[in-house]
Amino acid sequence: MNIPNIPRDLLTSVAPAIRRHSRSTETTLLAVVLVGCAGLAIASSGDFLSGNSVRTFLQYLATPVLIGLAQMVALCVGQLNLAVGALGGFTAAVMAVLMADAHLPMVVVVVAGLLIATLIGMLTGVFIVATRINGFIVTLATMTMLLGAQYRVVGTRTVDGYSSFLKDLGSAAPLNIPLVFLTAVATAALLALFMHRGIAGRRLLAAGGNPLAARLSGISTDRQIVLAHTLSGLLIGIAAVTATASLPGVNSSVGGDWLLPSFAAPIIGGVALTGGSVAVIGTVLAAFLMRLIDTARAQFSLDPSWVNFLIGVVVLGTVVGGRVRQSRVAAPLPAAAPLPAAGGAR
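Residues numbered from 1 in each chain as written. Predicted model: local features only at pLDDT ≥ 70, side-chain atom pairs only at ≥ 80, totals over all residues. Heavy atoms only, no water.

A word on the UniProt feature "transmembrane region" (unreviewed entry) in the chain
Basically, it comes down to this: UniProt positions are given in the numbering used here, feature names are shortened, and annotations may be inferred rather than shown by experiment. What counts as a helix is a DSSP run of H or I of at least four residues, what counts as a strand is a run of E of at least two, and both are numbered from the N terminus.
As annotated in UniProt, the feature "transmembrane region" (unreviewed entry) corresponds to residues 28-45, 57-75, 82-100, 106-129, 136-153, 173-194, 225-247 and 267-293 in the numbering used here. Between the C-alpha atoms that bound residues 28-45 the distance is 26 Å, and the span itself is 89% helix and 0% strand. In this annotation, residues 225-247 is assigned 96% helix and 0% strand; the end-to-end C-alpha distance for the span is 32 Å.

Written out as C-alpha cells, the structure is:
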C-alpha cells in the first residue's frame, strides 16, 4: 500500500501549531490533572475511579468552576471581585429562606436568586464607574455588607427545609454525570462563545487589554466594567443555585471559602491580572486540579492549612512566572554594533 507523501507546506504550518499548543497553560494543566488522577487512583487502590466517587467529585466541582469563571470575567477588564463568596452565600441564604419559610415555588425562587445576584453585580459596577473608586475597595465593602446581610437572613441556624425537588436535581446524575456539573460545563461553553464570538465579549477583552485604544475605537470602558460585574454577578448566582442544590442545608458559612478558589482557578488557568484575556478551559482545569488537591486532603487526612498554603504558593508562582515571561517579551532587542567607517584601520 502506497502511503501518500505529506506536503511540506502542511508540515511547516502544522508543526508550529503543535509546538504552541504543547507549551500552552491548558496542555500543562491537563497533563498535571491526568497525573494527579492516576496518582490518586493508585493511592486509593482504585476507589477514586469508582462510580460513586467520580459522581461525588464532579458534583462538588461545579461550584468551584462557576466561581472561577465569575472572577475571570472581572479580571478580563482589570477588575477584582472580592465579594464572590459573600454574594454567593447571601444569594443561597435568601433562596433557602424563601423556599423554606415563605414556601415560594422553586422556579420563582431560583429566578429571583439569579436576578438578585445579577442586580448586585450591576450596582457594584455602576458604583465603581460613578465614584471612580478602586474596584478592590468597592468589592471589599460589598463583601462586608453582604456577609452581614447573610447572617441577618439565616442567623445561626441551618436552613434545610427547602424544596426537595431542588435537592433531587442537585443529586441527579444522568449517565453518572451530576446535573450540576453539566450545568457548570454548559455555562462555561456559553461563556467561551460569548467572549470569543460575541461582539460584547470582544469589547470586554478590548477594554481590558488596552483601555485607551478601546476608547479611541468608540468602546465605552465604563460600560464594559459595568457589564463585567453584571456578568460576574450572574455567574455567582448560578454558583449559588448549584451550591444550594448540592448541600444538605444553607447557613452563614456558605460562600466563606470561595474567595481563594475564585482567584486561584483563573490565575492558574492563565488569565492575566492586567486584563484583556480569558482562559475558560484553563480555569475549568485549574478548578479540577484544586478539587483533586481537596480530595487528596480528605483521602489522607491532611491538614487543611497546608492545602491552602500549597494553593497560595502555586498562585504566587504562576503570577511571578507570568511577569517574568512578560518582561522577556517586552525586553528591547540589543542595539546593533555600529559599522566601521569607510577607509578605517584594518
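Some details on helix α5 (residues 84-100)
Inclusion rule: For a helix, the expected span equals 1.5 Å multiplied by the residue count minus one. Working definition: with a 1.4 Å probe on protein chains only, accessible area under 20% of the residue-type maximum means buried, over 50% means exposed, and in between means partly exposed.
The end-to-end C-alpha distance of α5 is 24 Å, a good match for the 24 Å that 17 residues give at a rise of 1.5 Å each. Most of α5 sits out of view: 16 of its 17 residues are buried.

Some remarks on the packing of aromatic side chains
Heads up, the condition is: When the centres of two rings from Phe, Tyr and Trp lie within 6.5 Å, Trp using its six-membered ring, the rings pair. Their planes under 30 degrees apart give stacked, over 60 give edge-to-face, and anything left gives tilted. We count a charge as sitting over a ring when the NZ of a lysine or the CZ of an arginine lies within 6 Å of the ring centre and within 35 degrees of the ring normal.
Under the definition given, this model contains 2 aromatic pairs. Each ring, one from Phe 48 and one from Phe 57, has its centre 5.6 Å from the other, and the planes form 90 degrees; the classification is edge-to-face. Accessibility assignment for this pair places Phe 48 and Phe 57 in one class, buried. An angle of 55 degrees between the planes, with centres 5.0 Å apart, marks the rings of Phe 57 and Phe 288 as tilted. One end of the pair, Phe 57, is in helix α3 (residues 51-59); the other, Phe 288, is in helix α14 (residues 280-300), with 231 residues separating them in the sequence. Counting every residue linked through ring pairs, the aromatic cluster contains Phe 48, Phe 57 and Phe 288. Positioned over the ring face of Tyr 162 is Lys 167, at 4.7 Å from the centre of the ring.

Here's the deal with the pattern of salt bridges
Here is the rule: The salt bridge criterion pairs a side-chain nitrogen of Lys or Arg with a carboxyl oxygen of Asp or Glu, the two atoms within 4 Å.
In total, this model carries 4 salt bridges according to the counting rule given. Arg 157 is paired through a salt bridge with Asp 101; the nearest N and O atoms lie 2.6 Å apart. Taken together, the positions of Arg 157 in the loop between α7 (135-154) and α8 (164-171) and Asp 101 in the loop between α5 and α6 (106-131) put the pair 56 residues apart, joining distant regions of the chain. Where Asp 294 meets Arg 291, a salt bridge forms, and the shortest distance between an N and an O atom there is 3.6 Å. Of this pair, Asp 294 and Arg 291 are both found in helix α14, 3 residues apart, which corresponds to roughly one turn of the helix.

Looking at the packing of α5 against α6
Any two packed helices are characterised by how steeply their axes cross, that is the angle between the axes, and by the distance between the axes. Rules: Lines are fitted to the C-alpha atoms to define the axes, a helix being fitted only along its stretch in contact, and any angle between axes, read from their N-to-C directions, falls within 0 to 180 degrees. Orientation labels follow simple angle bins: below 35 degrees gives roughly parallel, above 145 gives roughly antiparallel, 65 to 115 gives roughly perpendicular, and whatever is left gives oblique. Helix crossings fall into two classes, left-handed where the near helix is turned counterclockwise from the far one by less than a right angle and right-handed where it is turned clockwise. Any two residues having at least one pair of non-hydrogen atoms within 4.5 Å are treated as being in contact.
Running from N to C, α5 and α6 point in directions that differ by 155 degrees, and their axes come no closer than 9 Å. With respect to α6, the axis of α5 lies roughly antiparallel. Both α5 and α6 take part in a crossing whose hand is right-handed. Contact residues: Leu 87, Phe 90, Thr 91, Val 94, Met 95, Leu 98 and Met 99 in α5; Met 106, Val 109, Val 110, Gly 113, Ile 116, Ala 117 and Ile 120 in α6.

So, the environment of Gly 88
Of note, Gly 88 is situated in helix α5. For the pair Gly 88 and Gln 150, spaced 62 residues apart in the sequence, the C-alpha separation amounts to 9.6 Å. Setting aside its immediate chain neighbours within four residues, Gly 88 contacts Ile 236, Ala 240 and Trp 258.

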